[in-house]
Amino acid sequence: QVQLVESGGGLVQAGGSLRLSCAASGRTSSMYVMAWFRQAPGKEREFVATISWSGGVTYYADSVKGRFTVSRDNAKNTADLQMNSLKPEDTALYYCAAARSPRITTAQAMSSTGYNYWGQGTQVTVSS
């Protein structure tokens, strides 16, 4: 079992930056692939970014590519999401997720169904 807790959300002006952090505890050795998803009010949860165990492979949603950067520190059991050039459409509840399989397909990595563990979310609000 893995527990994930997100932090770092807040209210920022358009064009600003935020850095989200995900702290993991429990059986973190089972926390291979990690990802960030977000969910805006009235919308489905959508993929934002994912990162392999080594950090060597990353994928981003087209909507955030070039603006967001995902990273992880396995020694500290953390995963971060650096968000720059924020836009009002980035406003959402951001979730950290982890998959217990060491190797998953790209499609699985970009889908919420590919993950086994989820945090409670941290709110990001971008004003214009």
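So, here's what we can say about the structure.

About the cut-offs
- Residues numbered from 1 in each chain as written.
- Predicted model: local features only at pLDDT ≥ 70, side-chain atom pairs only at ≥ 80, totals over all residues.
- Heavy atoms only, no water.
- Disulfide = S-S within 2.5 Å.
- Helix = DSSP H or I, 4+ residues; strand = E, 2+ residues; numbered from the N terminus.
- Buried < 20%, exposed > 50% of the residue type's maximum accessible area, 1.4 Å probe, protein only.
- Core = buried A, V, L, I, M, F, W, Y, C linked by side-chain atoms within 4.5 Å.

### Examining the state of the cysteines
Counted under the stated rule, the structure contains 1 disulfide. At a sulfur-sulfur separation of 2.2 Å, the disulfide partner of Cys22 is Cys96. The sign of the -80° torsion about the S-S bond sets the Cys22-Cys96 disulfide as left-handed. Of this pair, Cys22 sits in strand β3 (residues 18-26) while Cys96 is found in strand β9 (residues 92-99), placing the two residues 74 residues apart along the sequence. Each of the two residues, Cys22 as well as Cys96, counts as buried.

### Side note on the nonpolar core
Counting 38 residues, the largest nonpolar core has Leu4, Met34, Trp36, Leu81, Met83, Tyr94 and Tyr115 as the members making the most contacts within it. Elements with a minimum of two residues in this core: β1 (2-7), β3, β4 (33-39), β5 (46-51), β7 (68-73), β8 (78-83), β9 and β11 (122-127). Broken down by element, this core gets its largest block of residues, 6 residues, from β9.

Honestly, it's all geometry; don't read function into it.
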